[in-house]
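# Fold and geometry: a report
These are the residues of each chain, in order.
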Amino acid sequence: MIFIKNGTVNTVTKGIINSDILIENKKIIEIGNEIVAPLDATVIDAKGCLVLPGFIDAHTHLGLWEDGMGAEGADGNEQTDPVTPHLNPIDGINPMDINFTEAVEGGITSVCTTPGSANVMGGQCIAIKTFGKRIDKMIIKNPVAAKIAFGENPKGIYGNDDKTPQTRMAIAALIRENLKKAKEYLDQIEKSEFEEDGENKPEYDIKYESLIPVLKREIPLKAHAHRADDMFTAIRIAKEFNLKLTLDHCTEGHLVVDELIDEGYPMIVGPSMTERSKIELRNLTFETAGILSNSGSDICLMTDHPVIPIQYLPICAGIAIKYGMKQERALEAITINPAKVLGIEDRVGSIEVGKDADIVIWDNNPFEINSHVLYTIIDGKIVYKNKNLI
(Lines give C-alpha, C1' and ligand atoms only; values in the text may rest on other atoms or scores of the structure.)
Protein backbone atom coordinates (compact mmCIF):
# COMPACT_ATOMS: atom_id res chain seq x y z
CA MET A 1 0.00 0.00 0.00
CA ILE A 2 1.31 3.47 -0.99
CA PHE A 3 0.04 6.86 0.18
CA ILE A 4 1.06 9.90 -1.88
CA LYS A 5 0.35 13.17 -0.09
CA ASN A 6 0.62 16.93 -0.64
CA GLY A 7 1.30 16.71 -4.37
CA THR A 8 -0.08 18.74 -7.25
CA VAL A 9 -1.94 16.02 -9.14
CA ASN A 10 -2.61 16.35 -12.85
CA THR A 11 -5.25 13.70 -13.47
CA VAL A 12 -5.26 14.54 -17.23
CA THR A 13 -8.96 13.73 -17.57
CA LYS A 14 -10.34 15.53 -14.50
CA GLY A 15 -8.10 18.52 -14.15
CA ILE A 16 -5.33 19.55 -11.76
CA ILE A 17 -6.00 19.09 -8.06
CA ASN A 18 -4.10 19.33 -4.81
CA SER A 19 -4.91 15.94 -3.42
CA ASP A 20 -3.68 12.73 -1.86
CA ILE A 21 -3.70 9.31 -3.51
CA LEU A 22 -4.05 5.89 -1.92
CA ILE A 23 -2.81 2.82 -3.79
CA GLU A 24 -3.53 -0.81 -2.94
CA ASN A 25 -3.30 -4.10 -4.84
CA LYS A 26 -1.91 -2.46 -7.99
CA LYS A 27 -4.82 -0.01 -8.25
CA ILE A 28 -5.66 3.57 -7.33
CA ILE A 29 -8.35 3.09 -4.68
CA GLU A 30 -8.90 6.63 -3.40
CA ILE A 31 -8.18 10.24 -4.36
CA GLY A 32 -9.00 13.10 -1.98
CA ASN A 33 -7.98 15.45 0.81
CA GLU A 34 -9.40 13.55 3.76
CA ILE A 35 -7.75 10.17 3.27
CA VAL A 36 -6.37 8.62 6.44
CA ALA A 37 -3.13 6.86 5.60
CA PRO A 38 -3.11 3.24 6.84
CA LEU A 39 -0.38 2.50 9.36
CA ASP A 40 1.28 -0.01 7.05
CA ALA A 41 1.33 2.30 4.01
CA THR A 42 4.52 3.56 2.41
CA VAL A 43 4.15 7.34 2.56
CA ILE A 44 5.53 9.61 -0.17
CA ASP A 45 5.44 13.33 0.58
CA ALA A 46 5.10 15.00 -2.84
CA LYS A 47 4.95 18.56 -1.55
CA GLY A 48 6.18 20.95 -4.24
CA CYS A 49 6.15 18.17 -6.85
CA LEU A 50 3.98 17.24 -9.81
CA VAL A 51 2.13 13.93 -9.72
CA LEU A 52 1.29 12.64 -13.20
CA PRO A 53 0.07 9.44 -14.79
CA GLY A 54 2.84 7.36 -16.29
CA PHE A 55 3.60 8.32 -19.88
CA ILE A 56 2.59 6.06 -22.77
CA ASP A 57 4.38 5.72 -26.09
CA ALA A 58 1.96 4.53 -28.78
CA HIS A 59 4.63 3.37 -31.25
CA THR A 60 7.95 1.83 -30.29
CA HIS A 61 10.10 -1.19 -30.99
CA LEU A 62 11.15 -1.47 -27.36
CA GLY A 63 12.75 -4.82 -26.65
CA LEU A 64 12.89 -5.89 -30.30
CA TRP A 65 16.08 -3.96 -31.07
CA GLU A 66 18.26 -4.38 -28.02
CA ASP A 67 20.69 -1.68 -27.04
CA GLY A 68 24.24 -2.14 -28.38
CA MET A 69 23.59 -5.68 -29.62
CA GLY A 70 23.71 -5.31 -33.40
CA ALA A 71 22.30 -8.18 -35.45
CA GLU A 72 22.11 -10.51 -32.45
CA GLY A 73 19.64 -8.21 -30.72
CA ALA A 74 17.65 -7.27 -33.83
CA ASP A 75 14.34 -9.14 -33.80
CA GLY A 76 11.92 -6.61 -35.27
CA ASN A 77 11.91 -7.45 -38.99
CA GLU A 78 11.51 -10.89 -40.55
CA GLN A 79 12.92 -9.94 -43.94
CA THR A 80 12.21 -13.22 -45.71
CA ASP A 81 8.58 -12.60 -46.67
CA PRO A 82 6.80 -9.26 -47.18
CA VAL A 83 3.59 -10.65 -45.67
CA THR A 84 4.00 -11.83 -42.05
CA PRO A 85 0.85 -10.70 -40.18
CA HIS A 86 1.09 -13.68 -37.82
CA LEU A 87 4.27 -12.58 -36.03
CA ASN A 88 3.87 -11.31 -32.48
CA PRO A 89 6.39 -9.24 -30.48
CA ILE A 90 5.79 -11.31 -27.36
CA ASP A 91 8.17 -13.87 -28.85
CA GLY A 92 10.89 -11.32 -29.63
CA ILE A 93 10.91 -8.82 -26.76
CA ASN A 94 13.73 -9.07 -24.23
CA PRO A 95 12.64 -7.21 -21.06
CA MET A 96 16.22 -7.47 -19.74
CA ASP A 97 17.28 -4.85 -22.30
CA ILE A 98 18.65 -1.76 -20.54
CA ASN A 99 16.21 0.44 -22.46
CA PHE A 100 13.40 -0.80 -20.20
CA THR A 101 15.30 0.58 -17.21
CA GLU A 102 15.78 3.88 -19.03
CA ALA A 103 12.07 4.00 -19.85
CA VAL A 104 11.17 3.59 -16.19
CA GLU A 105 13.70 6.25 -15.15
CA GLY A 106 12.22 8.59 -17.76
CA GLY A 107 8.65 8.21 -16.54
CA ILE A 108 7.39 6.02 -19.39
CA THR A 109 5.33 3.23 -17.87
CA SER A 110 3.52 1.73 -20.88
CA VAL A 111 4.34 1.31 -24.56
CA CYS A 112 3.08 -0.27 -27.71
CA THR A 113 5.81 -2.44 -29.17
CA THR A 114 5.40 -3.15 -32.86
CA PRO A 115 7.35 -5.05 -35.50
CA GLY A 116 9.40 -2.95 -37.88
CA SER A 117 8.34 -1.64 -41.27
CA ALA A 118 10.41 -3.80 -43.59
CA ASN A 119 7.37 -5.91 -44.43
CA VAL A 120 4.10 -4.85 -45.99
CA MET A 121 2.37 -6.77 -43.22
CA GLY A 122 4.84 -6.97 -40.37
CA GLY A 123 2.89 -8.64 -37.59
CA GLN A 124 0.81 -7.87 -34.53
CA CYS A 125 1.43 -5.13 -31.98
CA ILE A 126 1.40 -5.46 -28.20
CA ALA A 127 0.81 -3.06 -25.29
CA ILE A 128 3.06 -3.70 -22.30
CA LYS A 129 4.28 -2.19 -19.06
CA THR A 130 7.93 -1.17 -18.99
CA PHE A 131 8.86 -2.98 -15.78
CA GLY A 132 9.28 -6.71 -15.34
CA LYS A 133 11.49 -9.71 -15.91
CA ARG A 134 9.08 -11.86 -17.92
CA ILE A 135 7.15 -10.40 -20.86
CA ASP A 136 4.12 -12.62 -20.20
CA LYS A 137 3.53 -10.74 -16.94
CA MET A 138 4.03 -7.27 -18.48
CA ILE A 139 1.22 -7.47 -21.02
CA ILE A 140 -1.62 -4.98 -20.89
CA LYS A 141 -3.29 -6.14 -24.09
CA ASN A 142 -2.19 -8.44 -26.90
CA PRO A 143 -2.73 -7.74 -29.72
CA VAL A 144 -3.64 -4.06 -29.89
CA ALA A 145 -3.10 -3.60 -33.64
CA ALA A 146 -1.78 -5.20 -36.82
CA LYS A 147 1.23 -3.52 -38.43
CA ILE A 148 1.27 -2.60 -42.12
CA ALA A 149 3.83 -0.43 -43.92
CA PHE A 150 3.84 1.77 -46.99
CA GLY A 151 6.54 3.50 -48.98
CA GLU A 152 10.30 3.36 -48.93
CA ASN A 153 10.90 0.69 -46.32
CA PRO A 154 9.19 -2.33 -47.92
CA LYS A 155 10.12 -1.05 -51.39
CA GLY A 156 13.78 -0.81 -50.40
CA ILE A 157 13.97 -4.18 -48.65
CA TYR A 158 12.36 -6.29 -51.37
CA GLY A 159 12.84 -4.13 -54.47
CA ASN A 160 16.60 -4.34 -54.10
CA ASP A 161 16.34 -8.15 -54.30
CA ASP A 162 14.10 -8.08 -57.37
CA LYS A 163 11.16 -9.30 -55.31
CA THR A 164 7.73 -7.83 -54.83
CA PRO A 165 6.97 -5.14 -53.78
CA GLN A 166 8.99 -2.76 -55.88
CA THR A 167 6.24 -0.16 -56.17
CA ARG A 168 3.58 1.47 -54.03
CA MET A 169 1.00 -0.23 -56.25
CA ALA A 170 2.35 -3.63 -55.26
CA ILE A 171 2.33 -2.73 -51.56
CA ALA A 172 -1.35 -1.81 -51.71
CA ALA A 173 -2.15 -4.87 -53.82
CA LEU A 174 -0.49 -7.22 -51.32
CA ILE A 175 -2.48 -5.72 -48.46
CA ARG A 176 -5.74 -6.00 -50.40
CA GLU A 177 -5.00 -9.55 -51.51
CA ASN A 178 -4.34 -10.80 -48.02
CA LEU A 179 -7.26 -8.96 -46.44
CA LYS A 180 -9.54 -10.42 -49.12
CA LYS A 181 -8.25 -13.96 -48.55
CA ALA A 182 -8.53 -13.50 -44.80
CA LYS A 183 -12.15 -12.35 -45.25
CA GLU A 184 -12.93 -15.44 -47.33
CA TYR A 185 -11.24 -17.59 -44.66
CA LEU A 186 -13.35 -15.97 -41.93
CA ASP A 187 -16.55 -16.39 -43.98
CA GLN A 188 -15.82 -20.10 -44.38
CA ILE A 189 -15.24 -20.48 -40.65
CA GLU A 190 -18.50 -18.72 -39.82
CA LYS A 191 -20.48 -20.79 -42.33
CA SER A 192 -18.99 -24.06 -41.03
CA GLU A 193 -20.26 -23.22 -37.53
CA PHE A 194 -23.79 -23.95 -38.77
CA GLU A 195 -22.80 -27.38 -40.13
CA GLU A 196 -23.17 -30.41 -37.90
CA ASP A 197 -19.85 -31.92 -38.89
CA GLY A 198 -18.09 -28.70 -39.88
CA GLU A 199 -16.74 -30.47 -42.93
CA ASN A 200 -16.30 -27.22 -44.85
CA LYS A 201 -14.27 -25.53 -42.15
CA PRO A 202 -11.04 -24.33 -43.81
CA GLU A 203 -7.65 -25.72 -42.91
CA TYR A 204 -6.01 -23.60 -40.24
CA ASP A 205 -3.99 -20.73 -41.70
CA ILE A 206 -1.98 -18.80 -39.11
CA LYS A 207 -1.62 -15.72 -41.32
CA TYR A 208 -5.32 -15.31 -42.00
CA GLU A 209 -6.19 -16.28 -38.45
CA SER A 210 -4.12 -13.34 -37.17
CA LEU A 211 -6.12 -10.93 -39.34
CA ILE A 212 -9.52 -11.97 -37.97
CA PRO A 213 -9.42 -9.37 -35.13
CA VAL A 214 -8.75 -6.71 -37.79
CA LEU A 215 -11.68 -7.81 -39.94
CA LYS A 216 -13.96 -7.90 -36.90
CA ARG A 217 -12.86 -4.33 -36.01
CA GLU A 218 -11.52 -5.52 -32.67
CA ILE A 219 -8.12 -3.95 -33.40
CA PRO A 220 -6.94 -1.43 -36.02
CA LEU A 221 -4.43 -1.64 -38.79
CA LYS A 222 -1.39 0.32 -37.64
CA ALA A 223 -0.13 1.97 -40.81
CA HIS A 224 3.47 3.12 -41.17
CA ALA A 225 3.00 6.09 -43.51
CA HIS A 226 5.20 9.17 -43.82
CA ARG A 227 4.04 10.64 -47.13
CA ALA A 228 0.61 12.16 -47.65
CA ASP A 229 -0.21 9.84 -50.56
CA ASP A 230 0.65 6.78 -48.46
CA MET A 231 -1.65 7.99 -45.71
CA PHE A 232 -4.48 8.30 -48.20
CA THR A 233 -3.78 4.82 -49.58
CA ALA A 234 -4.06 3.44 -46.04
CA ILE A 235 -7.36 5.28 -45.60
CA ARG A 236 -8.61 4.02 -48.96
CA ILE A 237 -7.93 0.40 -47.99
CA ALA A 238 -9.44 0.82 -44.53
CA LYS A 239 -12.63 2.14 -46.09
CA GLU A 240 -12.77 -0.64 -48.69
CA PHE A 241 -12.72 -3.31 -45.96
CA ASN A 242 -14.50 -1.27 -43.24
CA LEU A 243 -11.54 -1.46 -40.88
CA LYS A 244 -10.21 0.53 -37.97
CA LEU A 245 -6.95 2.34 -38.73
CA THR A 246 -4.26 4.44 -37.11
CA LEU A 247 -1.90 6.59 -39.13
CA ASP A 248 1.59 6.28 -37.68
CA HIS A 249 4.37 8.83 -38.38
CA CYS A 250 2.24 11.33 -40.37
CA THR A 251 5.40 13.20 -41.37
CA GLU A 252 3.55 15.13 -44.07
CA GLY A 253 0.37 15.44 -42.02
CA HIS A 254 0.71 19.21 -41.77
CA LEU A 255 0.55 19.47 -45.56
CA VAL A 256 -2.89 17.82 -45.76
CA VAL A 257 -4.31 18.68 -42.36
CA ASP A 258 -7.84 19.49 -43.56
CA GLU A 259 -8.18 16.16 -45.36
CA LEU A 260 -6.92 14.20 -42.38
CA ILE A 261 -9.16 15.99 -39.92
CA ASP A 262 -12.17 15.29 -42.17
CA GLU A 263 -11.31 11.58 -42.25
CA GLY A 264 -10.99 11.37 -38.48
CA TYR A 265 -8.56 8.48 -38.16
CA PRO A 266 -6.25 8.55 -35.10
CA MET A 267 -2.78 9.94 -35.81
CA ILE A 268 0.46 9.05 -34.05
CA VAL A 269 3.07 11.68 -34.92
CA GLY A 270 6.83 11.19 -34.95
CA PRO A 271 9.66 10.58 -34.61
CA SER A 272 10.39 14.26 -35.16
CA MET A 273 13.69 14.52 -33.28
CA THR A 274 15.73 12.77 -35.93
CA GLU A 275 17.54 13.43 -39.20
CA ARG A 276 15.91 13.50 -42.63
CA SER A 277 17.55 10.19 -43.43
CA LYS A 278 15.42 9.31 -46.46
CA ILE A 279 13.31 11.01 -49.12
CA GLU A 280 10.05 10.40 -47.26
CA LEU A 281 11.30 12.63 -44.45
CA ARG A 282 12.11 15.70 -46.54
CA ASN A 283 9.16 17.58 -45.01
CA LEU A 284 9.95 16.54 -41.43
CA THR A 285 9.21 19.27 -38.88
CA PHE A 286 8.28 19.54 -35.21
CA GLU A 287 5.42 21.82 -36.26
CA THR A 288 3.35 18.86 -37.50
CA ALA A 289 2.06 17.84 -34.07
CA GLY A 290 0.90 21.34 -33.17
CA ILE A 291 -0.73 21.99 -36.54
CA LEU A 292 -2.74 18.75 -36.38
CA SER A 293 -3.60 19.20 -32.70
CA ASN A 294 -4.62 22.84 -33.06
CA SER A 295 -6.89 21.82 -35.94
CA GLY A 296 -8.91 19.60 -33.66
CA SER A 297 -7.24 16.18 -33.76
CA ASP A 298 -6.46 14.27 -30.55
CA ILE A 299 -3.05 13.11 -31.71
CA CYS A 300 -0.43 10.94 -30.04
CA LEU A 301 3.32 11.52 -29.95
CA MET A 302 5.86 8.74 -30.31
CA THR A 303 9.58 8.08 -30.22
CA ASP A 304 9.70 5.10 -32.59
CA HIS A 305 12.35 3.81 -30.16
CA PRO A 306 15.20 3.13 -30.81
CA VAL A 307 15.02 5.90 -33.43
CA ILE A 308 14.62 8.29 -30.51
CA PRO A 309 15.57 6.69 -27.17
CA ILE A 310 12.41 5.93 -25.23
CA GLN A 311 13.29 8.10 -22.21
CA TYR A 312 13.13 11.23 -24.37
CA LEU A 313 9.39 11.00 -25.03
CA PRO A 314 8.66 13.96 -22.70
CA ILE A 315 11.42 15.97 -24.38
CA CYS A 316 9.75 15.32 -27.74
CA ALA A 317 6.55 16.68 -26.22
CA GLY A 318 8.44 19.70 -24.95
CA ILE A 319 9.86 20.48 -28.38
CA ALA A 320 6.40 20.06 -29.93
CA ILE A 321 5.17 22.67 -27.44
CA LYS A 322 8.01 24.98 -28.49
CA TYR A 323 6.78 24.69 -32.08
CA GLY A 324 3.14 25.44 -31.41
CA MET A 325 1.45 22.57 -29.62
CA LYS A 326 -0.52 23.50 -26.49
CA GLN A 327 0.96 22.06 -23.29
CA GLU A 328 -2.22 20.35 -22.14
CA ARG A 329 -2.64 18.74 -25.56
CA ALA A 330 0.99 17.55 -25.48
CA LEU A 331 0.37 15.89 -22.11
CA GLU A 332 -2.73 14.17 -23.48
CA ALA A 333 -0.67 13.03 -26.49
CA ILE A 334 1.53 10.88 -24.23
CA THR A 335 -1.11 9.77 -21.72
CA ILE A 336 -4.82 9.41 -22.37
CA ASN A 337 -4.75 9.70 -26.17
CA PRO A 338 -2.42 6.73 -26.73
CA ALA A 339 -4.35 4.80 -24.09
CA LYS A 340 -7.53 5.33 -26.12
CA VAL A 341 -5.86 4.54 -29.44
CA LEU A 342 -4.49 1.28 -28.03
CA GLY A 343 -7.78 0.37 -26.36
CA ILE A 344 -6.31 0.33 -22.85
CA GLU A 345 -7.83 3.53 -21.44
CA ASP A 346 -9.76 1.52 -18.85
CA ARG A 347 -6.43 0.75 -17.17
CA VAL A 348 -3.92 3.52 -17.91
CA GLY A 349 -3.56 7.05 -19.25
CA SER A 350 -4.95 9.10 -16.37
CA ILE A 351 -5.11 9.22 -12.59
CA GLU A 352 -8.53 7.90 -11.66
CA VAL A 353 -9.92 5.57 -9.02
CA GLY A 354 -9.96 2.01 -10.32
CA LYS A 355 -7.16 2.43 -12.82
CA ASP A 356 -3.73 0.82 -12.62
CA ALA A 357 -1.46 2.63 -10.18
CA ASP A 358 1.03 3.81 -12.82
CA ILE A 359 2.13 7.16 -11.41
CA VAL A 360 5.24 9.30 -11.83
CA ILE A 361 6.31 12.08 -9.48
CA TRP A 362 8.35 14.90 -11.05
CA ASP A 363 10.30 17.67 -9.39
CA ASN A 364 9.24 20.11 -12.13
CA ASN A 365 7.46 20.39 -15.47
CA PRO A 366 8.36 17.14 -17.30
CA PHE A 367 8.57 18.98 -20.63
CA GLU A 368 11.54 21.03 -19.44
CA ILE A 369 14.90 19.41 -20.04
CA ASN A 370 16.22 20.03 -16.52
CA SER A 371 13.30 18.25 -14.81
CA HIS A 372 13.77 14.95 -12.99
CA VAL A 373 11.69 11.91 -12.20
CA LEU A 374 11.70 11.38 -8.44
CA TYR A 375 9.54 8.26 -8.26
CA THR A 376 8.10 5.88 -10.83
CA ILE A 377 5.29 3.63 -9.67
CA ILE A 378 4.02 0.80 -11.89
CA ASP A 379 1.18 -1.50 -10.86
CA GLY A 380 1.31 -0.04 -7.37
CA LYS A 381 5.01 -0.78 -6.88
CA ILE A 382 7.82 1.76 -6.57
CA VAL A 383 10.09 0.61 -9.39
CA TYR A 384 12.36 3.66 -9.47
CA LYS A 385 13.46 6.12 -6.80
CA ASN A 386 15.89 8.89 -7.70
CA LYS A 387 18.44 8.42 -4.94
CA ASN A 388 20.38 11.48 -6.03
CA LEU A 389 17.48 13.81 -5.32
CA ILE A 390 15.48 12.11 -2.54
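Bear in mind the structure is a predicted one, so any value in this text is a computation, not a measurement.

Calculation rules
- Residues numbered from 1 in each chain as written.
- Predicted model: local features only at pLDDT ≥ 70, side-chain atom pairs only at ≥ 80, totals over all residues.
- Heavy atoms only, no water.
- Pairing = 2+ DSSP bridges.
- Helix = DSSP H or I, 4+ residues; strand = E, 2+ residues; numbered from the N terminus.
- Buried < 20%, exposed > 50% of the residue type's maximum accessible area, 1.4 Å probe, protein only.
- Contact = heavy atoms within 4.5 Å.
- Axes fitted to C-alpha atoms, helices over the stretch in contact; angles between N-to-C directions.
- Parallel < 35°, antiparallel > 145°, perpendicular 65-115°, else oblique.
- Left-handed = near helix turned anticlockwise from the far one by under 90°.
- Nonpolar A, V, L, I, M, F, W, Y, C, P; charged D, E, K, R; others polar.
- Core = buried A, V, L, I, M, F, W, Y, C linked by side-chain atoms within 4.5 Å.
- 1 Å grid on protein atoms, 1.4 Å probe; cavity = no way out; pocket = protein on both sides within 12 Å on 5 of 7 lines; lining within 4 Å.
- Points joined across faces, edges and corners; volume = space filled by probe spheres on them.
- Salt bridge = Lys/Arg side-chain N within 4 Å of Asp/Glu carboxyl O.

## As for the sheet that holds strand 12 (residues 267-269)
Strands sit in the order 6-7-8-9-10-11-12-13 across an open sheet of 8 strands; the sheet is mixed. In this open sheet, the two edge strands, each paired with only one partner strand, are strand 6 (55-60) and strand 13 (300-301).

## So, helix 8 (residues 313-322)
A large share of helix 8 lies buried, amounting to 7 of its 10 residues. Among all positions in helix 8, only Leu313, Pro314, Ile315, Cys316, Ala317, Gly318 and Ala320 are buried. Contacts made by the buried residues of helix 8 are with strand 6, strand 7 (108-113), helix 7 (287-294), strand 13, helix 9 (327-333) and strand 14 (359-362). Where helix 8 ends, the next residue or the one after it, glycine 324, has phi of about 120°, a positive value.

## Structural notes on the packing of helix 3 (residues 168-192) against helix 5 (residues 228-241)
Where helix 3 contacts helix 5, the axes come no closer than 11 Å and their chain directions differ by 20°. Put simply, helix 3 runs roughly parallel to helix 5. Between helix 3 and helix 5 lies a crossing whose hand is right-handed. Contacts between helix 3 and helix 5 involve Arg168, Ala172, Ile175, Arg176, Leu179 and Lys180 from the first element and Asp229, Asp230, Thr233, Arg236, Ile237, Glu240 and Phe241 from the second. Residues of the contact of helix 3 with helix 5, tallied by class, amount to 5 nonpolar, 1 polar and 7 charged.

## Let's talk about the nonpolar core
Judged by nonpolar contacts, the single largest core of 87 residues is most densely connected at Ile175, Leu245, Leu247 and Leu301. When sequence neighbours within four positions are dropped, the list of residues in contact with isoleucine 175 reads Val120, Met121, Ile148, Phe150 and Ile237. Formed by 17 residues, the second largest nonpolar core is a distinct cluster that contains Ile4, Val9, Ile361 and Leu374.

## A word on empty space enclosed by the protein
If you walk through the whole model with that rule in mind, you get 3 cavities of 30 Å³ or more. The computed volume of the largest cavity comes to approximately 60 Å³. What lines the largest cavity is simply Val269, Gly270, Pro271, Ser272, Phe286, Ala289, Leu301, Met302, Cys316 and Ala320. Tallied by class, the residues present in the lining of the largest cavity amount to 8 nonpolar, 2 polar and no charged.

## Thoughts on unusual backbone geometry
Following threonine 164, the chain continues into proline 165 via a peptide bond in cis, with omega recorded as 10°. Its location among the elements puts proline 165 in the loop between helix 2 (152-159) and helix 3. The amide bond that connects histidine 305 to the next residue, proline 306, takes the cis arrangement and shows omega of 15°. Within the fold, proline 306 resides in the loop between strand 13 and helix 8. Positive phi is not limited to glycine here, since asparagine 6 has a value of about 70°. Within the secondary structure, asparagine 6 is located in strand 1 (residues 2-10). Take asparagine 6: its relative accessible area is 42%, and that puts it in the partly exposed class. A positive phi angle, near 55°, is found at cysteine 250, a position not held by glycine.

## Considerations on the side chain of serine 110
Note that serine 110 resides in strand 7. Among residues more than four places away in sequence, those in contact with serine 110 are Phe55, Ile56, Asp57, Ile128, Lys129, Thr130, Ile140, Val348 and Asp358.

## Description of helix 7
Within helix 7, the full set of buried residues consists of Thr288, Ala289, Gly290, Leu292 and Ser293. Buried residues belonging to helix 7 abut helix 6 (257-263), strand 12, strand 13, helix 8 and helix 9. Phi turns positive one or two residues past the end of helix 7, at glycine 296, with a value near 115°.

## Description of the pattern of salt bridges
Per the counting criterion, the structure on display carries 20 salt bridges. For glutamate 352, the salt bridge goes to lysine 355, with nearest N and O atoms at 3.5 Å. One exposure class covers both glutamate 352 and lysine 355, and it is buried. Shared partners join several salt bridges into a network, and the residues in it are Lys27, Lys129, Arg347, Asp356, Asp358 and Asp379.

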